[in-house]
Amino acid sequence: MRVTARHLFEHALAEASIDRAFQRHVDCDKGVLRIGEDLYDLESYNRILVISLGKAAPAMVNSLEMQAGSRFEGIVAGSVDPLSQVRGFRYFRGGHPMPNQESIRAAEAMLKSLNAQDESSLVIFLLSGGGSSIAEKPIDDQISLEDLVATYRVLVHSGAPIGEINTIRKHLSAIKGGRLAVAASSAQQVSLLVSDVPEKTPDALASGPTMPDSTTVADCYAVVEKYGMVERFPDSVRELFQHHALEETPKRDDVVFHRSRWWPLLSNASLLEAAEMEAQRHGFSVEVDNACDDWDYLRAADYLLERLRRLRKKSERVCLISGGEVTVKVTNGGTGGRNQQFVLACAPKISGEAISVLSAGTDGIDGNSPAAGAIVDGGTVERARSRGLDLDAHLAGSDAYPFFQALGDAIMIGPTGNNLRDLRVLLAY
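Reading the values: the criteria
Every chain is numbered independently, its residues counted from 1 as its sequence is written. Local features in a predicted model are, by the rule used here, given only for residues with pLDDT of at least 70; side-chain atom pairs are given and counted only at 80 or more, and totals for whole chains, interfaces and linings are based on all residues. Computation of side-chain values covers all heavy atoms of the structure but excludes hydrogens and water. Per the convention used, a helix needs a DSSP run of H or I reaching at least four residues, while a strand needs a run of E reaching at least two, with both numbered from the N terminus. We compute the radius of gyration over the C-alpha atoms and compare it with the globule rule, which gives 2.2 Å times the number of residues raised to the power 0.38. We get accessible surface area from the Shrake-Rupley algorithm with a probe of 1.4 Å; when it comes to residues, only the shown protein chains can shield them. Only four residue types enter the charge count: Lys and Arg as positive, Asp and Glu as negative, with His and the chain ends excluded. The atom standing in for a charge is NZ when the residue is Lys, CZ when it is Arg, CG when it is Asp and CD when it is Glu. Pairs of strands are assigned from DSSP output, requiring at least two bridges between the strands. Only the contacting stretch of a helix is used when fitting its axis, a line to C-alpha atoms as for every element, and angles between N-to-C directions run 0 to 180 degrees. By definition, residues are in contact when any of their heavy atoms lie within 4.5 Å. Any carboxyl oxygen of Asp or Glu within 4 Å of a side-chain nitrogen of Lys or Arg constitutes a salt bridge here. A 1.4 Å probe rolled over the protein chains alone gives each residue an accessible area, and that area as a share of the maximum for its type sets the label: buried under 20%, exposed over 50%, partly exposed in between. Each nonpolar core is a collection of buried residues, namely Ala, Val, Leu, Ile, Met, Phe, Trp, Tyr and Cys, held together in the definition by side-chain atoms within 4.5 Å. An angle counts as roughly parallel when it lies under 35 degrees, as roughly antiparallel when it exceeds 145, as roughly perpendicular when it falls between 65 and 115, and as oblique in every other case. We call a crossing left-handed when the near helix sits turned anticlockwise from the far one by less than a right angle, and right-handed when that turn is clockwise. When residue character is reported, Ala, Val, Leu, Ile, Met, Phe, Trp, Tyr, Cys and Pro are called nonpolar, Asp, Glu, Lys and Arg charged, and the others, Gly included, polar. When two cysteine sulfur atoms are found within 2.5 Å, that pair is recorded as a disulfide.

### Digging into the overall build of the protein
Helix and strand counts for the protein stand at 16 helices and 15 strands. Here the protein has a C-alpha radius of gyration of 22 Å; the compact-globule value for 429 residues is 22 Å, and the two agree. In terms of overall dimensions, the protein has a C-alpha envelope of 65 × 55 × 35 Å along the principal axes. Surface exposure of the protein reaches about 17,400 Å², of which carbon and sulfur atoms provide 47%. Across the protein, the centroid of the 45 positively charged side chains sits 4 Å from that of the 57 negatively charged ones.

### Things to note about the sheet that holds strand E3 (residues 38-41)
On the basis of which strands lie adjacent, the open sheet formed by three strands has the order E1-E2-E3 and antiparallel pairing. Single-partner strands in this sheet number two, and they are strand E1 (26-29) and E3. Between one strand and the next, the sheet's axes are offset by a mean angle of 20°, whatever the strand orientation. Lying on the sheet, helix H2 (residues 18-25) is in contact with E1 and strand E2 (32-35); it crosses E1 at an angle near 50°.

### Section: the sheet that holds strand E14 (residues 410-411)
An order of E10-E11-E15-E12-E13-E14 is seen for the six strands of this open sheet, with the pairing classed as mixed. Edge strands, defined here as strands with exactly one partner in the open sheet, are strand E10 (285-288) and E14. Where strand E13 (residues 373-377) and E14 come together, two bridges link them in antiparallel fashion. Bridge pairing in E14 links Ala 374 to Ala 410. On the sheet, helix H11 (residues 268-281) packs against E10, strand E11 (318-324) and strand E15 (422-428) and is oriented at approximately 170° with respect to E11. Contacting strand E12 (355-361), E13 and E15, helix H13 (residues 338-346) runs over the sheet at an angle of about 170° to E12.

### Remarks on the pattern of salt bridges
Applying the stated criterion across every chain yields a total of 32 salt bridges. The closest approach of N and O atoms between Arg 421 and Glu 325, which form a salt bridge, is 3.8 Å. Residue Arg 421 is found in the loop between E14 and E15, and its partner Glu 325 is found in the loop between E11 and H13; the two are separated by 96 residues along the sequence. Glu 325 carries the same exposure label as Arg 421, and that label is buried. Beyond isolated ion pairs, a larger network of salt bridges with shared partners links Asp 293, Asp 294, Glu 325, Arg 338, Arg 421 and Asp 422.

### Here we look at the nonpolar core
One finds Phe 22, Phe 72, Ile 124, Leu 126, Leu 192, Cys 319 and Leu 423 to be the most contacted residues of the largest nonpolar core, which totals 55 residues. When neighbours within four sequence positions are excluded, Leu 423 is seen to be in contact with Phe 9, Ala 12, Leu 271, Leu 272, Ala 275, Ile 321, Ser 322, Leu 358, Ser 359 and Ala 360. In this structure, Ala 301, Leu 344, Leu 391 and Phe 403 belong to the second largest nonpolar core, which totals 37 residues.

### Describing the packing of H13 against helix H16 (residues 400-407)
Running from N to C, H13 and H16 point in directions that differ by 70°, and their axes come no closer than 9 Å. One element, H13, and the other, H16, form an angle in the roughly perpendicular class. In this structure, the crossing between H13 and H16 has a hand that is left-handed. Between H13 and H16, the contacting residues are Gln 340, Gln 341, Val 343 and Leu 344 on the first element and Ala 400, Tyr 401, Phe 403 and Phe 404 on the second. Considered class by class, the residues forming the contact of H13 with H16 number six nonpolar, two polar and no charged.

### Looking at the state of the cysteines
Applying the stated criterion to the full structure yields zero disulfides. Cys 292 carries a free sulfur, and the closest cysteine sulfur to it, the one in Cys 346, is 9.9 Å from it. The exposure class of Cys 292 is buried, given its relative accessible area of 0%. Taking relative accessible area as the criterion, Cys 346 reaches 0% and is therefore assigned buried.

Next up, the structure:
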């Protein structure tokens with residue numbers, strides 16, 4: 001069953017690949033580019049610029065070239081060095097989960113290129129998860145890179161869900177919350193989205209650099225108050241909040257979006273659908289439950305295990321699939337991530353039972369560890385005890401990766417070039 005759980009994850013990842021999504025949604029024939037249901041006569045534009053941003057940025061550019069040919073130029077900002085580069089593109093390796101100097105350079109290059117476009121230009125944005133830190137430029141020049149990193153650290157470790165974190169990021173950024181679209185306001189714009197955010201909040205993807213912002217300055221002030229962030233921010237950022245000096249981002253009725261289109265190519269739902277179909281093929285009674293999206297990991301573990309046991313009473317072989325992300329509030333943590341923390345919390349709750357639990361990130365990297373996630377079953381606690389591993393200490397110290405590495409239960413697949421949030425697979429048999 002451990003092998004089966006891992007197979008379901010890897011199968012879903014393969015089915016929800018960037019290449020397959022582009023094959024479905026993008027093609028080019030006789031100089032006419034089709035994106036979704038839109039057609040663009042490429043000969044009618046004086047210049048075509050591509051901006052690719054996020055963990056899937058290199059893969060999306062490669063897939064665009066495969067579907068439409070070597071006719072584009074632009075900027076690629078990803079989190080790893082690409083295996084190959086497409087001619088005509090400048091590549092930046094931004095930081096993740098914290099921005100770095102390349103993140104700043106990438107954002108500045110994007111703004112410079114976009115500001116040079118006019119009404120005869122077509123700008124194609126390729127957006128994927130992780131973009132919030134991979135390209136970044138503070139809205140205020142007084143905010144240094146060091147201050148920016150310190151601010152991100154406060155946000156990431158606050159325990160706030162990603163939507164609230166991105167509310168803050170948008171209003172502190174010169175490129176997020178629709179501000180890349182503002183920079184290219186004269187041009188025709190189209191965005192292709194590989195989403196790692198909840199289905200109902202597409203503008204949270206990469207903090208929404210090309211979309212109308214559904215969040216407000218008032219939301220920002222409420223979030224920092226809710227989580228007590230202001231006093232933990234560096235001086236340059238804290239002063240913006242204390243003086244209520246944040247500027248509003250562009251909204252849906254802004255003229256800048258009158259020539260903009262957005263097409264979702266992949267999302268967490270694509271992943272769940274693939275996993276569900278494969279689990280059914282393996283003879284499981286399958287349920288999908290995303291109710292615990294953005295919940296604390298302990299609450300999510302209790303909820304999903306209770307749901308699994310109820311389903312088990314009705315069927316011999318049950319597969320419960322859950323998407324989205326759980327949250328973990330970290331203070332002085334070790335090496336791990338939200339997926340491994342969730343799975344580790346499940347281990348003592350299923351000890352001795354015929355249950356397996358897997359949780360992994362589709363980008364291949366969980367938190368600050370090299371693992372994508374981990375897997376446990378009813379025998380994990382006993383195996384750990386026999387090897388002298390203190391499960392409670394690893395859980396309390398947010399140090400799950402060394403625990404799973406010692407047991408051989410960490411899921412090691414490396415960066416995938418994709419990012420569709422997390423997948424949790426719970427099997428009862």
